[in-house]
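Geometric and topological summary
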Amino acid sequence: VLLLTPFPGRPFYAINVIFVGMVKYAQKKYHNQPQRTPVSSYGGIKKSLGAGRSRGPFGKFVPPVPRQDGNENGGPQYKPYGTGPTESSFPVDERLKNIEPKMIELIMHEIMDHGPPVNWDDIAGVDFAKATIKEIVVWPMLRPDIFTGLRGPPKGILLFGPPGTGKTLIGKCIACQSGATFFSISASSLTSKWVGEGEKMVRALFTVARCQQPAVIFIDEIDSLLSQRGDGEHESSRRIKTEFLVQLDGATTSSEDRILVVGATNRPQEIDEAARRRLVKRLYIPLPEASARKQIVTCLMSKEHCCLREEEVELIVKKSDGFSGADMTQLCREASLGPIRSLQSMDIATITPEQVRPISFLDFDNAFKTVRPSVSSKDLELYENWNQTFGCGR
Ligand SMILES: Nc1ncnc2c1ncn2[C@@H]1O[C@H](COP(=O)(O)OP(=O)(O)OP(=O)(O)O)[C@@H](O)[C@H]1O
């Protein structure tokens with residue numbers, strides 16, 4: 001039965017599979033008796049801990065409105081909010097009734113992540129942050145029965161550090177590893193793309209997340225949402241911020257809700273005190289160390305036709321001191337174009353992939369001429385200082 005669960009380590013799901021199987025058997029046997037379907041609201045789903053719906057990054061698109069008929073797992077099915085001619089015959093989750101259908105659709109299609117899963121091994125380095133996150137966030141989300149009271153998970157964490165160091169990867173990994181639905185939005189899109197509607201969007205996002213919990217809401221560039229109030233602050237930005245804090249507080253006070261807000265920023269110093277206090281765990285995601293840079297190069301090159309020797313990899317690692325994870329990826333991309341550039345343009349049309357020579361150290365050497373570290377040492381100093389003052393690292 002454990003093989004049936006898409007999330008290894010989610011014993012509840014397996015239990016539900018057994019339970020649903022038993023219910024189906026009983027229903028078949030006594031099909032004249034009235035069927036007992038779970039309560040057709042998210043309250044019902046929450047109690048069944050996910051049975052009957054595929055959820056999270058491994059799951060299919062699951063709109064948040066339950067349908068009355070059962071699916072093959074015996075649980076309720078869902079249809080998009082407000083679509084189809086028979087919509088009035090379906091019960092709509094109470095919590096979604098005041099949310100504009102177009103916003104729900106948008107959240108489900110654009111903000112809810114449906115991409116491939118991320119594992120801890122995909123993120124090179126940042127061992128301290130990974131260990132802390134596993135302990136304070138992932139395990140409690142997997143085992144809410146054990147992590148109660150003082151052991152309860154925080155509702156908000158902040159990942160800060162230079163750009164391109166894997167903050168987004170970590171956010172997604174948290175969701176994947178805890179079997180949660182991943183919602184990812186950039187705060188600047190709330191303030192710019194959703195002009196005049198950002199506040200409503202924040203409310204809609206948290207409401208949908210509540211219906212899809214456990215959920216991780218990842219907010220990139222969170223500084224633009226939670227920056228210190230200044231005279232120049234727009235009224236609309238102020239309202240979005242207030243709504244966000246209200247929603248975050250709501251998630252904090254409701255012990256039932258299993259929603260985690262992960263904020264990411266390259267400008268932690270701009271986040272005001274009230275917001276900082278709510279993002280209780282503030283983890284520094286620094287530039288990758290030599291071992292992490294080596295892991296990135298080795299991992300990326302293992303998927304390519306490449307003839308790097310061990311000592312050449314070491315040299316690349318040495319030369320890339322100060323590179324971010326994204327810089328390392330860019331370096332490898334650039335190097336991978338070397339063999340193509342060495343072809344005559346005429347050959348491109350006729351050559352077979354096997355005839356393209358392997359990526360060599362020379363290609364990396366050339367790549368270093370155009371790919372430079374994107375983070376300055378002055379910026380690094382800023383992060384280190386902020387980490388000393390407000391960070392939760394050792
Ligand atoms: N620690 C890492 N391990 C492996 N790859 C990494 C790492 N950090 C960055 N990368 C690579 O860089 C890309 C960008 O990383 P990501 O978006 O997670 O960084 P970020 O810290 O969120 O950046 P930003 O602050 O600019 O949003 C990733 O898709 C990955 O290819």
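Read on for an overview of the structure. (Residues numbered from 1 in each chain as written. Predicted model: local features only at pLDDT ≥ 70, side-chain atom pairs only at ≥ 80, totals over all residues. Heavy atoms only, no water.)

This paragraph deals with the overall build of the protein chain. For the protein chain, the helix and strand inventory stands at 17 helices and 7 strands. Residues classed as buried in the protein chain amount to 45% of the 394 residues present. Long-range contacts, defined as pairs at least 24 residues apart, comprise 77% of the intrachain contacts of the protein chain with a sequence gap of at least 6. Carbon together with sulfur atoms contributes 54% to the accessible area of the protein chain, which is approximately 20200 Å² in total. (Helix = DSSP H or I, 4+ residues; strand = E, 2+ residues; numbered from the N terminus. Buried < 20%, exposed > 50% of the residue type's maximum accessible area, 1.4 Å probe, protein only. Contact = heavy atoms within 4.5 Å. Areas by Shrake-Rupley, 256 points an atom, 1.4 Å probe, with all protein chains shown as cover.)

Turning our eyes to something else, we now look at the site of the ligand. If you check the shell around the ligand, you find 16 residues, and the closest are Ala-124, Gly-164, Lys-167, Thr-168 and Asn-266. Here an oxygen atom of the ligand and a side-chain polar atom of Lys-167 are 2.9 Å apart. One of the backbone N or O atoms of Ala-326 is found 3.5 Å from an oxygen atom in the ligand. When isolated, the ligand has an accessible area of 630 Å², and the protein chains bury 74% of it. Elements supplying a minimum of two residues to the shell around the ligand: helix H5 (167-177) and helix H13 (325-336). Classifying every residue of the shell around the ligand gives 6 nonpolar, 7 polar and 3 charged. The residue makeup of the shell around the ligand includes at least three contributed by each of domain 2 (120-286 + 384-390) and domain 3 (290-374). (Near = heavy atom within 4 Å. Polar contact = N/O pair within 3.5 Å; in protein donor to acceptor, adjacent residues only side chain to side chain. Nonpolar A, V, L, I, M, F, W, Y, C, P; charged D, E, K, R; others polar. Domains from an automatic or database assignment.)

Now for the sheet that holds strand E7 (residues 281-284). Strand order in the open sheet made by the 5 strands is E4-E5-E6-E3-E7, with parallel pairing throughout. With partners counted over all chains shown, the strands left at the sheet margins are strand E4 (181-186) and E7, one partner each. Neighbour to neighbour, the strand axes of the sheet diverge by 20 degrees on average, direction disregarded. Where strand E3 (residues 156-160) and E7 come together, 4 bridges link them in parallel fashion. Residue pairing across strands places Leu-158 opposite Arg-282, the latter belonging to E7. Relative to the sheet, helix H4 (residues 127-142) contacts E3, strand E5 (215-220), strand E6 (259-265) and E7, its axis offset from that of E7 by approximately 150 degrees. (Pairing = 2+ DSSP bridges. Axes fitted to C-alpha atoms, helices over the stretch in contact; angles between N-to-C directions.)

Between its terminal C-alpha atoms helix H17 (residues 377-390) stretches 20 Å, which fits the 20 Å expected from 14 residues at 1.5 Å a residue. Looking only at H17, the buried set comprises Tyr-383, Trp-386 and Asn-387. Taken down its axis, H17 places every buried residue within 105 degrees of arc, on the same side. Projecting away from the buried face of H17 at angles above 90 degrees are the exposed residues Ser-377, Lys-378, Glu-381, Gln-388 and Thr-389. Of the surrounding elements, those touching the buried residues of H17 are E3, helix H10 (273-278) and E7. (Expected span 1.5 Å × (residues − 1). Arc of directions from axis to C-beta.)

With that settled, consider the environment of Glu-311. You can see Glu-311 is positioned in helix H12 (residues 310-319). For Glu-311 and Arg-341, which are 30 residues apart along the polypeptide, the C-alpha to C-alpha distance reads 25 Å. Among the polar contacts made by the side chain of Glu-311, one reaches the side chain of Arg-309 at a distance of 3.1 Å.

Below, the discussion takes up the pairing of E5. Counting buried positions along E5 gives 5 out of 6 residues, so the element sits mostly inside the fold. Sheet topology places E4 next to E5; 6 bridges connect them, and they run parallel. Each bridged residue has a counterpart across the sheet, and for Ser-184 the counterpart in E5 is Phe-218. With 5 bridges connecting them, E5 and E6 associate as parallel partners. When the sheet's bridge partners are listed, Ile-217 is paired in E6 with Val-261.

We now examine the side chain of Lys-167. Tracing the backbone through its elements, the reader meets Lys-167 in helix H5. Buried within the structure, Lys-167 lacks any salt-bridge partner; its nearest side chain of opposite charge belongs to Asp-220, at an N-O separation of 6.6 Å. Polar contacts involving the side chain of Lys-167 include one to the side chain of Asn-266, which spans 3.4 Å. Once you skip the residues sitting within four places of it in the chain, Lys-167 turns out to touch Leu-159, Phe-160, Gly-161, Pro-162, Phe-218, Ala-264, Thr-265, Asn-266 and Ile-285. (Lys, Arg positive; Asp, Glu negative; His and termini not counted. Salt bridge = Lys/Arg side-chain N within 4 Å of Asp/Glu carboxyl O.)

So, about the packing of aromatic side chains. For the structure on display, the rule yields 7 aromatic pairs. Seen in terms of ring centroids, Phe-160 and Trp-386 are 4.8 Å apart; in terms of plane orientation they differ by 75 degrees. Their pairing is edge-to-face. Taken as a pair, Phe-160 in strand E3 and Trp-386 in helix H17 lie far apart in primary sequence, 226 residues in all. Here Phe-160 and Trp-386 have matching classes, each one buried. Aromatic rings pair up to connect Phe-160, Tyr-284, Tyr-383, Trp-386 and Phe-390 into one cluster. (Phe/Tyr/Trp six-rings, centres within 6.5 Å; stacked < 30°, edge-to-face > 60°.)

Attention shifts here to the environment of Ile-107. Tracing the sequence through the fold places Ile-107 in helix H3 (residues 101-111). Taking the C-alpha atoms as reference, Ile-107 lies 43 Å from Val-313; in sequence the two are 206 residues apart.

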